[in-house]
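Survey of secondary and tertiary structure
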Amino acid sequence: INELKLPNYVPGFLMGIVACIEIPIMLFGSRLIKTINAKYLMKIAFVFAIIFYVGIFNATELWHFIVLQFVNAIFYGLYAGVGLTFLQEELPERVGFTSSVYSNAIKIGLMLGASFAGVIAQFSSFQYANLGAAIAAILGIICLVLYGVTKKRERLALMQLEQHNVTTQINV
């Protein structure tokens, strides 16, 4: 606000826009899971996060911020609406555990993210803290891709083991 010389009401106005849009997106996200893989929706959420944070870094006019709030709402709506479901789908026998991990991970992420943003803002500007958030979203996509590769390898190894067991039983 101070760096861009925007009116004091702007943060509240922008937060109101996001809140108004993200809740329907959260609800819609739960319907999307029925047709689109939750992991894929999380990747889409992170792409919107990258667009949002890079956009915020480059924004100079109020209308830029208003448009970016729609992108932010899609990011957060999908992330918040799909994240827990994604974890619970991966460990269906441990729903309570995944809920606890999700809740605690969000709290830890908020603490670390706010701390890093404060350090970055202290030594450069708050604008650069947005690039840190974009990098975190990129890391989120990388983690999802690596997780997908690992799961695929596990499935292939399990299929090979089952195939070996079937072959062994036939030979006996």
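Before reading further, recall that the structure is shown in the block above.
In this text the structure is predicted, and so the values were computed from the model without any measurement. (Residues numbered from 1 in each chain as written. Predicted model: local features only at pLDDT ≥ 70, side-chain atom pairs only at ≥ 80, totals over all residues. Heavy atoms only, no water.)

**Regarding the packing of helix H3 (residues 62-90) against helix H4 (residues 95-123)**
When two helices pack together, you describe them by how their axes are tilted relative to each other and by the distance separating the axes. Where H3 contacts H4, the axes come no closer than 8 Å and their chain directions differ by 140 degrees. Relative to H4, H3 is oriented oblique. Like other packed secondary-structure pairs, H3 and H4 cross with a definite hand, here right-handed. In this structure, H3 contributes Tyr79, Ala80, Gly83, Leu84, Leu87 and Gln88 to the contact, and H4 contributes Val95, Thr98, Ser99 and Tyr102. (Axes fitted to C-alpha atoms, helices over the stretch in contact; angles between N-to-C directions. Helix = DSSP H or I, 4+ residues; strand = E, 2+ residues; numbered from the N terminus. Parallel < 35°, antiparallel > 145°, perpendicular 65-115°, else oblique. Left-handed = near helix turned anticlockwise from the far one by under 90°. Contact = heavy atoms within 4.5 Å.)

**Some details on the nonpolar core**
Within the largest apolar cluster, 31 residues are counted, with the highest numbers of intra-cluster contacts made by Leu78 and Val82. Secondary-structure elements contributing two or more residues to this core are helix H1 (10-32), helix H2 (38-58), H3 and helix H5 (126-171). By residue number, the principal contributor to this core is H2, which donates nine residues. Ignoring sequence-local partners within four residues, the contact set of Leu78 consists of Ile25, Gly29, Leu32, Leu41, Met42, Ile44, Ala45 and Gly83. (Core = buried A, V, L, I, M, F, W, Y, C linked by side-chain atoms within 4.5 Å. Buried < 20%, exposed > 50% of the residue type's maximum accessible area, 1.4 Å probe, protein only.)

**A closer look at the packing of H1 against H3**
The contact between H1 and H3 brings their axes to 7 Å, and the two run at 35 degrees. Here H1 runs over H3; the crossing is right-handed. Looking at side-chain class alone, the contact of H1 with H3 contains 19 nonpolar, five polar and one charged residues. (Nonpolar A, V, L, I, M, F, W, Y, C, P; charged D, E, K, R; others polar.)

**With respect to the packing of aromatic side chains**
Aromatic rings in a pair are described by how distant their centres are and how their planes are angled relative to each other. If you walk through the whole model with that rule in mind, you get eight aromatic pairs. Where Tyr53 meets Phe75, the ring centres are 6.4 Å apart and the plane angle is 70 degrees; that geometry is what we call edge-to-face. Taken together, the positions of Tyr53 in helix H2 and Phe75 in helix H3 put the pair 22 residues apart, joining distant regions of the chain. Comparing Tyr53 with Phe75, the two get one shared label, buried. Summarising the aromatic geometry, the rings of Phe75 and Tyr79 are spaced 5.8 Å apart at their centres and angled 35 degrees between planes, so their arrangement reads as tilted. Here the residue Phe75 and the residue Tyr79 both occupy positions in helix H3, the gap between them amounting to four residues, near one helical turn. We classify Phe75 as buried; its relative accessible area is 10%. Here the aromatic cluster, defined as three or more aromatic residues joined through ring pairs, consists of Phe46, Phe52, Tyr53, Phe75, Tyr76 and Tyr79. Positioned above the aromatic ring of Phe97 is the side chain of Arg94, whose terminal nitrogen or guanidinium carbon lies 4.2 Å from the ring centre. (Phe/Tyr/Trp six-rings, centres within 6.5 Å; stacked < 30°, edge-to-face > 60°. Lys NZ or Arg CZ within 6 Å of the ring centre and 35° of its normal.)

**Let's talk about a nonpolar patch on the surface**
A cluster of nonpolar side chains, contributed by Ile135, Ile138, Leu139, Ile142 and Leu146, occupies part of the molecular surface with about 460 Å² of accessible area. The topology assignment puts Ile135 in helix H5. (Patch = residues over 30% accessible without salt bridge, like charges linked within 9 Å, V, L, I, M, F, W, Y side chains within 5 Å. Areas by Shrake-Rupley, 256 points an atom, 1.4 Å probe, with all protein chains shown as cover. Salt bridge = Lys/Arg side-chain N within 4 Å of Asp/Glu carboxyl O.)

**Description of the pattern of salt bridges**
Taken as a whole and judged by the stated rule, the model has one salt bridge. Its salt-bridge partner being Glu90, residue Lys151 comes within 3.8 Å of it at the nearest N-O pair. Placement of Lys151 in helix H5 and of Glu90 in helix H3 is noted, with a sequence separation of 61 residues between them. Assessed through its relative accessible area of 25%, Lys151 is described here as partly exposed. Of the residues examined, Glu90 reaches a relative accessible area of 28% and is grouped as partly exposed.

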